[in-house]
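Commentary on secondary and tertiary structure
Single-letter residue listing:
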Amino acid sequence: MSANMDETVSVGYEAWADALRSERVLGVSCSDCGATYGTPISVCHDCGSQDLELVDLPTDGTLYSVTRVAVPPTGFEGPYHVGIVQLGAARVTARIETAAEDNPEIGDPVVLSGVMEADDGHPAPVFEVETD
Amino acid sequence: MTTFGVHESSLPELFATAALSAYDDAGVDPADIDAFYFGNAMGGQTENDTHLAPTLATEVGLAGVPAQRFEDACATSANAFKNAVQAVEAGIHDTVLVGGVERCTPETGKGTGEMTRIFASASHRQYEQPTGLTFPGVFALLTKRHMHEYGTTEEQLAHVAVKNHGNGTRNPRAHFGSETTVEEVLDSPVVADPFHLMDCCPFSDGAAAVVVTSDDSAASFDDPVDVTGVGHATDLVPLGLKPTLHATQAARDAAAQAYEQAGVTADEIDFAEVHDCFTGAEVLASEAIGFFEDGQGGPAAEAGRTALDGDRPINPSGGLKAKGHPIGATGVAQIVELTEQLRGEAGDRQLDDPQRGLAHNLGGDAGTTVISIMEARA
């Protein structure tokens, strides 16, 4: 047992959230098999290793899927777009904004544009559709 | 089971309505029941009501027996059913009551925004909820990817709603009892694109219950049907970790388990009740259980192949879309529909002498799926 029983937290949510507030998007990479995940988990799904490291994901990528939420939960003002962005080998759920009037579409290029914090201190990444 | 719709009754009294009719149907007394397997997904959030298993057991004359509550979002009571079947199969209990209850309508005092937030609690707390993702949104993301991959259209999705509403008019317990049209679906307001309001199941109140007994004891019951397979699998959560979003892999894995246990293939299943919380979910499910090739679920719905008179009937009950979706009751309500169809007791929605049916109950962001196969007793 390690001296610091909480040390696994350093690759977990708090580190992810702190980094996001600095406009870095962290995933984890398995030191044993190299698998990469878009959000922190404690055990590698591919090989079972517990040796996972936080890694910076690219802050630009493409839209893997996207929807316009017209009926929001309490605490949110709609409508808005939520999507899954492909960042290198990993995918992350994010708020999607678009400068153009067009709705964002699958395959659109996106870039991290900020961080929102509408949900009890839980940050979420915001990506913007890149226009030509 | 109860009607699905709006109920003023408390959770215990609503559940009792379903449980007493299950006792009556099976010809059992509470003294014959060895255990209680129960599902309720959100009573703590919606009605400040938890530790419901012994409360409901007390309500229906079962105080004293082991009673356990399951929670797996929308797959809540299918998981209760799975555990009940396995316990009976293992000889731990001989005869058990399985059921679920939920209230989701404004009878709970919660409005659309509050309920939308409670439903969203089944998505990842840290990595999804802070974006404002909703459950229509979750299934919209899955369906949009399917549309992108295969060319599935909004019109094809609307045909699912039209078919299920039509079936629902033949089901006296359905929440909705009216027909709809493709035009009405497409003209209804957008909830989360591609889903219009009429692509979405309603918020419903209701309860369902069944009695599960051992193979040996079943002969002494009136008109039993056989459970020949129950598969259960999970997928990675949140959505971003799932390798192929629109595959709903847990459903494929659970179906493979159930088919192997039953010794059958998808082609030998006469009909299915699937988890059509949104029209797109039925299309994805119809492919995941092997009724259609990947990408053919949309065209099959449009062509009428899943209708009551089609070659692969899906959701003869009206499904979640028309019958309604009281979350924790839905899985067992599917088992009730399979039972009535296999007995030939489904009235105006009765299929032509089905011998084998499948129930597909999905929870959360497709992170859980339970697949059950049932057969008419020879």
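Residues numbered from 1 in each chain as written. Chains lettered and ligands numbered in written order. Predicted model: local features only at pLDDT ≥ 70, side-chain atom pairs only at ≥ 80, totals over all residues. Heavy atoms only, no water.

1. Description of a negative patch on the surface
Condition: For patch detection, residues must exceed 30% relative accessible area and be free of salt bridges, and they are connected within 9 Å for like charges or within 5 Å for nonpolar side chains (Val, Leu, Ile, Met, Phe, Trp, Tyr). Surface accessibility in these figures is a Shrake-Rupley result with a 1.4 Å probe; residues are shielded only by whichever protein chains are displayed. Salt-bridge detection follows one rule: a side-chain nitrogen of Lys or Arg within 4 Å of a carboxyl oxygen of Asp or Glu. Counting rule for charge: Lys and Arg are taken as positive, Asp and Glu as negative, and neither His nor the chain ends is counted. To locate a charge, take NZ of a lysine, CZ of an arginine, CG of an aspartate or CD of a glutamate. Secondary structure counts use DSSP, requiring at least four H or I residues in a row for a helix and at least two E residues in a row for a strand, with both numbered from the N terminus.
Taken together, the side chains of A:Asp60, A:Glu97, A:Glu128 and A:Glu130 make up a negatively charged region of the molecular surface. Within the element layout of this structure, A:Glu97 appears in strand 6 (residues 90–98).

2. Overview of the environment of B:Ser178
For B:Ser178, the location among the structural elements is in the loop between helix 7 (154–168) and helix 8 (182–187). Sequence separation between B:Ser178 and B:Val162 is 16 residues, and the spatial gap between their C-alpha atoms is 9.8 Å.

3. Structural notes on the pairing of strand 3 (residues 95–103) of chain B
Residues and elements named next belong to chain B. Defined as follows: For every residue, the accessible area (1.4 Å probe, protein chains only) is compared with the maximum for its type, and the residue is labelled buried under 20%, exposed over 50%, or partly exposed between those bounds. At least two bridges found by DSSP between two strands is the condition for calling them paired.
A large share of strand 3 lies buried, amounting to nine of its nine residues. Of the two faces of strand 3, the one carrying Thr-95, Leu-97, Gly-99, Val-101 and Arg-103 and the one carrying Val-96, Val-98, Gly-100 and Glu-102 are both buried. Here strand 1 (residues 35–39) pairs with strand 3 via five bridges, running parallel. Opposite Phe-36, over in strand 3, you have Leu-97 as the bridge partner. Pairing of strand 3 with strand 6 (residues 205–213) involves nine bridges; the strand directions are antiparallel. Bridged to Thr-95 within strand 6 is Thr-213.

4. As for empty space enclosed by the protein
The cut-off we apply is this: Within this scheme a cavity is a closed region of a 1 Å grid, computed over the protein atoms alone, that accommodates a 1.4 Å probe without allowing it to escape, whereas a pocket is open but has protein on both sides within 12 Å along at least five of seven lines; lining residues each have an atom within 4 Å of a point. Grid points are joined across faces, edges and corners, and a volume is the space filled by probe spheres set on the points. Residues were grouped as follows: Ala, Val, Leu, Ile, Met, Phe, Trp, Tyr, Cys and Pro as nonpolar; Asp, Glu, Lys and Arg as charged; and all remaining residues, including Gly, as polar.
Applying the stated criterion across every chain, the model contains three cavities of 30 Å³ or more. The space that makes up the largest cavity amounts to roughly 50 Å³. Along the walls of the largest cavity sit A:Pro73, A:Phe76, A:Asp119, B:Arg117, B:Ala120, B:Gln129 and B:Leu133, which together make up its complete lining. When its residues are assigned to classes, the lining of the largest cavity shows four nonpolar, one polar and two charged.

5. Re the domain arrangement of chain A
All names here are of chain A. To keep it simple, the criterion reads: Those domain boundaries reflect an automatic or database domain assignment. Note: buried area is the sum, over both parts, of the accessible area (probe 1.4 Å) each one loses when the two are combined.
Partitioning chain A into domains gives domain 1 (7–56) and domain 2 (60–129). If you average the C-alpha positions of domain 1 and of domain 2, the two centres end up 21 Å apart. Between domain 1 and domain 2, a total of about 940 Å² is buried, with carbon and sulfur atoms accounting for 71% of that surface. Along the contact surface separating domain 1 from domain 2 lie one salt bridge. For Arg-21, the salt bridge goes to Glu-117, with nearest N and O atoms at 3.2 Å. Those elements that place two or more of their residues in the side of domain 1 that touches domain 2 are helix 1 (13–21) and strand 2 (36–37). Looking at the side of domain 1 that touches domain 2 residue by residue, the class counts come to six nonpolar, two polar and two charged.

6. Examining the nonpolar core
Among soluble globular proteins, nonpolar side chains are generally buried collectively. So the rule is basically this: Residues enter a nonpolar core if they are buried and are Ala, Val, Leu, Ile, Met, Phe, Trp, Tyr or Cys, with the set joined through side-chain atoms within 4.5 Å. What makes two residues a contact is simply this: any of their non-hydrogen atoms within 4.5 Å.
Grouped together as the largest cluster of nonpolar side chains are 35 residues, with contacts concentrated most on B:Val138, B:Phe139, B:Leu142, B:Phe195, B:Leu239, B:Leu245 and B:Cys277. Contributions of two or more residues to this core are made by strand 4 (60–69), strand 5 (80–87) and strand 8 (122–129) of chain A together with helix 6 (135–150), helix 7, strand 4 (190–192) and helix 11 (279–288) of chain B. With seven residues, the single largest contributor to this core is helix 6 of chain B. With near-sequence residues (within four places) excluded, B:Leu239 lies in contact with A:Ile84, B:Glu128, B:Leu133, B:Val138, B:Leu141, B:Leu142, B:Leu245 and B:Asp365.

7. Focus on the interface of chain A and chain B
Rules: Side-chain atoms alone can form a polar contact between residues adjacent in sequence; in general such a contact is a pair of N or O atoms within 3.5 Å, and within protein one must be able to donate a hydrogen while the other accepts it.
Contact residues are listed per partner, giving 36 residues for chain A and 34 residues for chain B. When the two sides are added together, the surface that chain A and chain B hide from each other amounts to roughly 3,000 Å², 60% of it contributed by carbon and sulfur. On the chain A side of the contact with chain B, A:Tyr64, A:Thr93 and A:Ile106 bury the most area, a combined 17% of that side's loss. A salt bridge links B:Arg117 to A:Asp120, with the shortest nitrogen-to-oxygen separation between them at 3.7 Å. Taken together, the connections running from chain A to chain B amount to 16 residue pairs in polar contact (both at pLDDT 80 or more).

8. Side note on unusual backbone geometry
A:Gly78 connects to A:Pro79 through a cis peptide bond whose omega is -5°. The residue A:Pro79 is located in the loop between strand 4 and strand 5 in this model. The omega torsion of the bond from B:Val237 to B:Pro238 falls at 10°, within 30 degrees of zero and hence cis. Tracing the chain through its elements places B:Pro238 in the loop between strand 7 (225–234) and helix 10 (249–262). Even without a glycine there, the phi angle at B:Asn315 is positive, about 55°. Mapping B:Asn315 onto the fold places it in the loop between helix 12 (297–302) and helix 13 (319–323).

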